[in-house]
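The primary structure of each chain is shown beneath.
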Amino acid sequence: QVELVESGGGLVQAGDSLRLSCAASGRTFSGNVMGWFRQVPGKEREFVAAISRTGGRTYYTDSVKGRFTISTDNAKNMVYLQMNSLKPEDTAVYYCAARNSMVVVITQEYDYWGQGTQVTVSS
């Protein structure tokens, strides 16, 4: 009964910005931790960012620190990923994830997943 829907992906040039959005719905949704992951063909899905809704603490993989910002609008059940200074290596399908536990993890132990949105960065 919980659905996550990502939007905001697209084709951009290196150095451009995108803001990904994830809309969460469902009466059973708690979403104590929200995360973003990304995956390219032939590679493992990797952690990008996460946010703890209780304390607002954020976590990022090293490759995006200083460029990406995760945030939430709890009243609207939305989570965002502001992506600045995009690089070709950021090209991937980006997935929104939600975790009921209040413990932040950077592995795949999330309870709900979106369908993904494609981000393509050209050089």
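These remarks concern the structure in this document. (Residues numbered from 1 in each chain as written. Predicted model: local features only at pLDDT ≥ 70, side-chain atom pairs only at ≥ 80, totals over all residues. Heavy atoms only, no water.)

1. What about the overall build of the protein chain?
In terms of regular secondary structure, the protein chain is built from zero helices and 11 strands. Starting at the N terminus and walking to the C terminus, you meet the elements of the protein chain as β-β-β-β-β-β-β-β-β-β-β. The C-alpha radius of gyration of the protein chain comes to 13 Å, within 12% of the 14 Å expected for a compact globule of 123 residues. Referenced to the eigenvectors of the C-alpha coordinate spread, the extents of the protein chain come out at roughly 40 × 30 × 25 Å. Counting only residues that meet the buried cut, the protein chain has 42% of its 123 residues in that class. A fraction of 58% describes how many contacts in the protein chain between residues 6 or more apart in sequence connect residues 24 or more apart. Only carbon and sulfur atoms are counted for the fraction: they give 46% of the accessible area of the protein chain, which is about 6,400 Å². Of the charged side chains in the protein chain, 12 are positive and 11 negative; the average position of the first set lies 5 Å away from that of the second. (Helix = DSSP H or I, 4+ residues; strand = E, 2+ residues; numbered from the N terminus. Rg over C-alpha atoms; globule rule 2.2 N^0.38 Å. Buried < 20%, exposed > 50% of the residue type's maximum accessible area, 1.4 Å probe, protein only. Contact = heavy atoms within 4.5 Å. Areas by Shrake-Rupley, 256 points an atom, 1.4 Å probe, with all protein chains shown as cover. Lys, Arg positive; Asp, Glu negative; His and termini not counted. Charge placed at Lys NZ, Arg CZ, Asp CG, Glu CD.)

2. Looking at the state of the cysteines
Evaluated as defined, the whole model comprises one disulfide. Disulfide partner of Cys22: Cys96, at an S-S distance of 2.1 Å. Its S-S torsion of about -80 degrees marks the bond between Cys22 and Cys96 as left-handed, since a negative value means left-handed. Of this pair, Cys22 sits in strand S3 (residues 18-25) while Cys96 sits in strand S9 (residues 92-99), and the two are 74 residues apart along the sequence. (Disulfide = S-S within 2.5 Å.)

3. A few points about the side chain of Glu6
Counting through the fold element by element, Glu6 comes out in strand S1 (residues 3-7). Buried charge without a salt bridge: Glu6, with Arg45 as the nearest opposite-charge side chain at an N-O distance of 8.1 Å. A distance of 2.7 Å separates a polar side-chain atom of Glu6 from the backbone nitrogen of Cys96. A polar contact is formed between the side chain of Glu6 and the backbone nitrogen of Gly116, at a distance of 2.9 Å. Here Glu6 is in contact with Ser21, Cys22, Trp36, Tyr94, Tyr95, Cys96, Gly114, Gln115, Gly116 and Thr117, once residues within four sequence places are set aside. (Salt bridge = Lys/Arg side-chain N within 4 Å of Asp/Glu carboxyl O. Polar contact = N/O pair within 3.5 Å; in protein donor to acceptor, adjacent residues only side chain to side chain.)

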